[in-house]
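Coordinate analysis (summary)
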Amino acid sequence: MSHHSSLFDSYSIRRVRPPKSKIGTSAKHDSASSHVMGTATYVDDILKPQGTLHLAVGKSSHAHARLLSIDLSAVKASDGVIDVITFKDLTAKTDIGPVFDGDPLMVDEITEYVGQTLFLVVATSHRAAKKATLKAVIEYEPLPAILNIEDALEQDHFVRPSHFMQRGDTEEALKNAPTRIAGHIHMLGQEHFYLEGQVAYVTPCDDGGLEVYTSSQHPSEVQQLVAEVTDLPFHAVNAIVRRMGGGFGGKETQAAAWACFCAIVAKRHNIPVSMRLDRQDDMVVTGKRHEFANRYDVGVDDDGKIVGVDMQLAGLCGYSPDLSDAIVDRAMFHCDNAYHYPAANIAGHRCKTHTVSNTAYRGFGGPQGVMTAEYMMDHIAYTLGQDPLQVRLNNLYQNGQSTHYGQPIEHFDLATLMANLADDCNYHQRRQQITEKNKQAEKDGSDIRFGLALTPVKFGISFTVQTLNQGGALVHIYTDGSIHVNHGGTEMGQGLYIKIAQIVANEFDVDLDTVKVSATRTDKVPNTSPTAASSGTDINGKAAQNACLTIKGRIIDFAAEHFEVAPEAIRFENNHVYIGDKEAFTFAEMILLAYQHRISLSSTGYYKTPKIFYDRSKAWGRPFFYFALGAACAEVEIDTLTGEYKVLRCDILHDVGQSINPAIDIGQIEGGFVQGMGWLTTEELTWDKTGKLASNAAANYKIPTAHDLPKQWSVKLFDRKNEEQTIYNSKAVGEPPFMLAASVWCAINNAVASLADYQKNPELTMPATPEAVLKAVMRMEGAAWDIDIQVDKNTVKSLTKNDVCGVDDDKVEPQQVRHANDIKPPEVEGELVDEQPEAIEQPNVATARGPAHSE
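Sequence positions are assigned chain by chain, starting from 1 and proceeding in written order. Selection of residues for local features in this predicted model requires a pLDDT of at least 70, selection of side-chain atom pairs for listing and counting requires 80 or more, and totals for whole chains, interfaces and linings are taken over all residues. Side-chain numbers here rest on the full set of heavy atoms in the structure, without hydrogens or water.

1. Quick look at the side chain of Asn469
Take Asn469: it is sitting in the loop between strand 16 (448-461) and strand 17 (470-477). Discounting residues that sit within four places of it in the chain, Asn469 has contacts with Ser462, Phe463, Tyr607, Lys608, Thr609 and Ile612. Numbering of helices and strands starts at the N terminus; helices are DSSP runs of H or I of at least 4 residues and strands are runs of E of at least 2. Here, two residues are considered to be in contact whenever any of their heavy atoms come within 4.5 Å of each other.

2. Regarding unusual backbone geometry
In this structure, the amide linkage connecting Met766 to the following residue, Pro767, adopts the cis form with an omega of 10°. Position of Pro767 relative to the elements: it lies in the loop between helix 19 (742-753) and helix 20 (770-780). One non-glycine residue, Asp231, lies in positive phi territory at about 60°. Assignment of secondary structure puts Asp231 in the loop between helix 7 (219-230) and strand 11 (237-241). Residue classification places Asp231 among the exposed positions, given a relative accessible area of 60%. Think of it in three bands: with a 1.4 Å probe and only protein chains considered, a residue is buried below 20% of the maximum accessible area for its type, exposed above 50%, and partly exposed in between.

3. A closer look at the packing of helix 11 (residues 366-384) against helix 19
In helix packing, the relevant descriptors are the interaxial angle and the interaxial distance, both defined with respect to the helix axes. For the pair helix 11 and helix 19, interaxial distance at closest approach is 11 Å and the crossing angle is 25°. Regarding the angle of helix 11 to helix 19, the classification is roughly parallel. Between helix 11 and helix 19 lies a crossing of right-handed hand. Touching Met371, Glu374, Tyr375, Asp378 and Tyr382 of helix 11 are Ala742, Trp745, Cys746, Asn749, Asn750 and Ala753, all from helix 19. Each residue is assigned to one class: nonpolar for Ala, Val, Leu, Ile, Met, Phe, Trp, Tyr, Cys and Pro, charged for Asp, Glu, Lys and Arg, and polar for all the others, Gly among them. For the contact of helix 11 with helix 19, a count of residues per class yields 7 nonpolar, 2 polar and 2 charged. Lines fitted to C-alpha atoms define the axes, with helix axes restricted to the stretch in contact, and inter-axis angles between N-to-C directions lie between 0 and 180 degrees. In these notes the angle categories are as follows: under 35 degrees is roughly parallel, over 145 is roughly antiparallel, 65 to 115 is roughly perpendicular, and the rest is oblique. Handedness of a crossing is defined here by the sense of rotation of the near helix relative to the far one, left-handed for an anticlockwise turn of less than a right angle and right-handed for a clockwise turn.

4. Brief notes about the pattern of salt bridges
Salt bridges are defined by distance alone: a side-chain nitrogen of Lys or Arg within 4 Å of a carboxyl oxygen of Asp or Glu. Across all of its chains, the model carries 35 salt bridges by this definition. Note that Lys716 is salt-bridged to Asp424, the shortest N-O span being 3.0 Å. Note that Lys716 is positioned in strand 29 (residues 712-717) and Asp424 in helix 13 (residues 414-424), a separation of 292 residues in sequence. The exposure class of Asp424 is partly exposed, given its relative accessible area of 42%. Of the charged contacts, one joins Asp708 and Lys702 as a salt bridge, the two residues approaching to 3.1 Å between their closest N and O atoms. For Lys702, a relative accessible area of 42% puts it in the partly exposed group. Here the salt bridges share partners, and the residues they tie into one network are Asp44, Lys59, Lys130, Arg276, Asp278 and Asp281.

5. Quick notes on the packing of helix 18 (residues 662-681) against helix 19
Packing of helix 18 against helix 19 brings their axes to within 8 Å, and their N-to-C directions diverge by 40°. Viewed along their axes, helix 18 and helix 19 adopt a mutual orientation that is oblique. Where helix 18 approaches helix 19, its residues Phe673, Met677, Leu680 and Thr681 are matched on the opposing element by Ala742, Ser743, Val744, Trp745 and Ile748.

Dropping the structure here:
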């Protein structure tokens, strides 16, 4: 029954050395070679049988309209078209909202965003299906459309009830504060721009079930929704995810629709069905990071220390709830970033607009809260004439304090981390040099200015709803000593699989190459949580460890009885099992011996996150198991004549606890930082006045490239293990590094502030594109940021009266939003109250789907 494969070292070689690539070593990504060589198989690469059908969607061209008529006769007559499906052809569940209803598969009567699915074309090829969609003749009755946050707030147009967090007497604190500062910041959304677009492939099984290959971060949700729309029990649907070409949150809920479409057609025609979205379609019909318009009113003492904050966060959610409730909650949780608010009123609004439903994106609302705090810190510093770093340090949490939602602050090493980074990158010396260089530039009449900023990150790790903080795994050991692992997490390039493999190898003290992690499948590990909230390694790694310990315990019990030794004498070391001083077996020999004595070599594993609880009706509790910490120091150069800028240097020190794989962790830090830098500097989503996405392709939407990287870049890990009992005392690393990019934006803000001798906070928006930087410079200099020429107002009025192209849109202009003081949350001593708690008591949630407020 045993065979030693030539794919890994023989045991005669393993005997003389420790196991390779266990935890703490920089093992390469398990698919690194296949990624580079182009041999990694993604969903659209799967070889399809002849006769496979292909799908394309017919899309709405109005943001808000009533459908009067749809003539699809020309569509049905098109070459290659097999079938055309509309809402009336759906035979089972028609709404695929992940938490609350509101996401219909297709439009019935009312369209609520440009790009919403009106009908589905089934054809013999992708091209034929796409071409056929263009032949539909559709008549609409346009309805009033709400397209921005301001109008939604004005009309109280929300996808979910507003929510409030409150601590202390904020009104009194602000009234008595020596200095009171009010400000606002508008930040745009962000396109996910995963390299692999949305895609699905479904094959019918001979037992009436469906095999679903999906590029999804949440296979269990895809399984459930496919079952619901095809009227099948969950066990008849098997969702499979081997890898994704990027996800970033965009495939947490919004990968489901395409799998559902394929499943409906596969069941209807009993034939395999494939569907993929072209990039331009993908950008139009899928949600983005939430745009936010935030305001704050903060009171500080003479040292710049905060005494009270009144803050409003307003997220642009789009037409449906999707995950917006949880995303705005997460923004509210993180609007303090790393700073203590002794008294706080935090209001969060979920604005409904007639645009595509925005969804999860790396950080899940956290970055929008963090950037509000960081802009506010800059505002305090420049108002008081202080160094922004000193203001940040003065306001850092201290151990023993608690957040504005009741979470205790423990093991908080951020002050030490920031001090280490400041010393390592010579912050104080460079601050002085930059101030002098900017003064000299002013004397010389130079257009170049420099900026420097060091900003922290505190990010809570856990799903904020307790139910999702659980993971499962399945481990088999075969008689040649090789190990097979399956778990509930999905691989989207972040290195989850290799970390899980290292954990399993470490438990048995064997070489990493003996461990294989296979595709995530709902028929192996059921009821999985999404791979999101940076929890992939935390919960699935612990589950895999639990399975290993079960098997290991069986082997130890067997060996102790068989060899008549104490269990403590049996050791798994260096690819071997030692029976005290008596004998030594190779790992494979011991596994074979255990098998011959009928010892089970397979086990499931399970883990649930301890300590966490959160009562949303009171907005009070401990929603996070721990906080991931980090800091970054960025130096930039801007041209005040053009607004162009360069990131000259960046130094990062990030806390990943005791790293399982330093190379993977540093890669995640680098990738997250650059993606965050893109959101804050280059990626500008633009919409015209009809609600149509204008930045709908790579040609007009600028993601960061290798040329945008800091010229000098250092990334180091903060060498301190997690005090909480996570897997090997590591910390999550997926989302927190995204917010390190705040340092770049704040450095640009700092460079602009130098034009007023750091005495005034610039009106810089997000993203800080060259145009936005130039406008901030012109405002700082007291110049009109529009070109000062005589304007024929009558002509402009005639052009914009029935404007359909948005010529007078300017998304980088600061947006005026109602202040949080207009909304008075109820005051409760020691706890917080939701304005409408009854609205969340009975969400429309089936057993396996993520419950309300999913992250």
